[in-house]
Amino acid sequence: NISGIHLDLSSIDSIHEFVKQINASKKKLDIIILNAGVALPKARKTASGQEEMFIVNYLSNFILLNLLLQKQLIANTNAIPRIIFVSSDSHQGSSYIDYEEFGKYIDYGVSKGMNYYSYYKLVLNTLAVELSRRLNSDKVKFGVNVICPGPVNTNIIKEAPWLLRKVLGGIFTIIFKKPSDAAKAVVYMAISGDYEGKTTEYLHMFNRKRMDEKVYIPEEGKKLWEASLQIWSSIDPKAISIN
């Protein structure tokens, strides 16, 4: 049985409404797969004043998880609940998080937008590791893991300039996986006994590997958490964070 609840990660109001509906349903979430992402050819401001790639690809994940955890909506009576961040191996080698620009609206074009996509994946992975630290200080209570399903032929380039869209679309069709095939590794990480009680694991398609070493630095995780909470608090009067 499948039921859908609308969620727009570019809208903070939509996130609150989504959590409200989950709470009203009296159901708990035992598997969360954070898959949403956008790749834009130029900067676009959202209603909260944040740039769309920043809020969709990163900040809204921070907000959504904090709200769900605050209301104790992530739980499983039979097993450890799992939180999976769908990322990209393109995060490898991205720069350290720039806290001078973090969360600020900055105009950019196509080339910078491509760099931001990889950069925000590094930020997202840093969040995953820090979240696991905060939730699993004494023992593993939540499995917080990261996966790159590999190159996938999605419609993520739908807003690219026409010529670039045609070129990339041809490459995507020939070389990249269909979403139904790429999803298999994600499903494996979500339900396999191999990941029972595991946290901060990284799966590149079906291969375990290390993420960029920067994401494991405790000081970086703490700085990211505090900066994210500060931005959230400045744009949302209902902001509230787990410790």
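See the structure shown above.
Please read these numbers as outputs of a predicted model, since none were measured by experiment. Each chain has its residues counted from 1, running along the sequence as written. Confidence filtering applies because this is a predicted model: local features only for residues at pLDDT of at least 70, side-chain atom pairs given and counted only at 80 or more, and all residues used for totals across whole chains, interfaces and linings. Here the side-chain values reflect all heavy atoms present in the structure, with hydrogen atoms and water set aside.

A. Molecular detail of the pattern of salt bridges. Put simply, a salt bridge is a Lys or Arg side-chain nitrogen that is within 4 Å of an Asp or Glu carboxyl oxygen. Enumeration according to the criterion identifies 11 salt bridges in this entry. Here Arg134 ties to Glu130 by a salt bridge, and the two come within 2.7 Å at their closest N and O atoms. In this pair, Arg134 and Glu130 are both assigned in helix α3 (residues 110-135), 4 residues apart and thus about one turn of the helix distant. Look at Arg134 and you get partly exposed, because its relative accessible area is 25%. Here Glu201 makes a salt bridge to Arg208, at a shortest N to O gap of 3.5 Å. Only DSSP runs of H or I reaching four residues or more are called helices, and only runs of E reaching two or more are called strands; each is numbered from the N terminus. Partly exposed describes any residue whose relative accessible area lies between the buried limit of under 20% and the exposed limit of over 50%, with all areas from a 1.4 Å probe on protein chains only and scaled to the type maximum.

B. Up close: the sheet that holds strand β4 (residues 202-204). DSSP calls a pair of strands paired once it identifies at least 2 bridges connecting them. Read from one edge of the open sheet, 5 strands run β1-β2-β3-β4-β5, paired in mixed fashion. The strands lining the two open edges of the sheet, one partner per strand, are β1 (31-34) and β5 (207-208). In the sheet, β4 pairs with β5 via 2 bridges, with the strands oriented antiparallel. Bridge pairing links His204 to Asn207 in β5. Across the sheet, helix α2 (residues 52-70) lies against β1 and β2 (82-86), angled at about 165° from β1, the strand it touches most. Sitting on the sheet, helix α5 (residues 179-191) touches β1, β2, β3 (143-148) and β4, and the angle it makes with β2 is about 155°. Whether two residues are in contact is decided by their heavy atoms: any pair within 4.5 Å suffices. Where helices are involved, their axes are fitted lines through C-alpha atoms of the stretch in contact, as for all axes, and angles between N-to-C directions lie from 0 to 180°.

C. Structural view of the side chain of Asn57. Inspection of the secondary structure assignment puts Asn57 in helix α2. What qualifies as a polar contact is a pair of N or O atoms within 3.5 Å, subject to a donor-acceptor requirement within protein and to the restriction that residues adjacent in sequence count only when both atoms come from side chains. A polar atom in the side chain of Asn57 sits 2.8 Å from the backbone nitrogen of Val38. Excluding residues within four positions of it along the chain, Asn57 makes contact with Gly37, Val38, Glu52, Tyr117, Tyr120 and Leu124.

D. Inspection of α2 at higher detail. Expected span, for any helix, means 1.5 Å times one less than how many residues it has. For α2, which comprises 19 residues, the first-to-last C-alpha distance of 25 Å matches the rise-based estimate of 27 Å (1.5 Å per residue) to within 8%. Most of α2 is tucked away, with 18 of its 19 residues classed as buried. Two to three positions downstream of the cap, the backbone nitrogen of Met53 sits 2.8 Å from a side-chain oxygen, assigning the N-cap of α2 to Glu51.

E. Molecular detail of the packing of α2 against α3. One way to put it is that α2 packs onto α3 with a least axis distance of 8 Å and a crossing angle of 15°. Here α3 runs roughly parallel to α2, going by the angle between their axes. Every pair of crossing elements has a handedness; the one defined by α2 and α3 is right-handed. Facing α2, whose interface residues are Met53, Phe54, Asn57, Tyr58, Asn61, Phe62, Leu65 and Leu69, α3 presents Gly113, Tyr116, Tyr117, Tyr120, Val123, Leu124, Leu127, Leu131 and Leu135. Gly is put with the polar residues, along with every residue not named as nonpolar or charged; the nonpolar set is Ala, Val, Leu, Ile, Met, Phe, Trp, Tyr, Cys and Pro, and the charged set is Asp, Glu, Lys and Arg. A per-class count over the contact of α2 with α3 returns 14 nonpolar, 3 polar and no charged. An angle below 35 degrees is read as roughly parallel, one above 145 as roughly antiparallel, one from 65 to 115 as roughly perpendicular, and any other as oblique. The sense of a crossing depends on the near helix, which, turned anticlockwise from the far helix by less than a right angle, makes the crossing left-handed and, turned clockwise, makes it right-handed.

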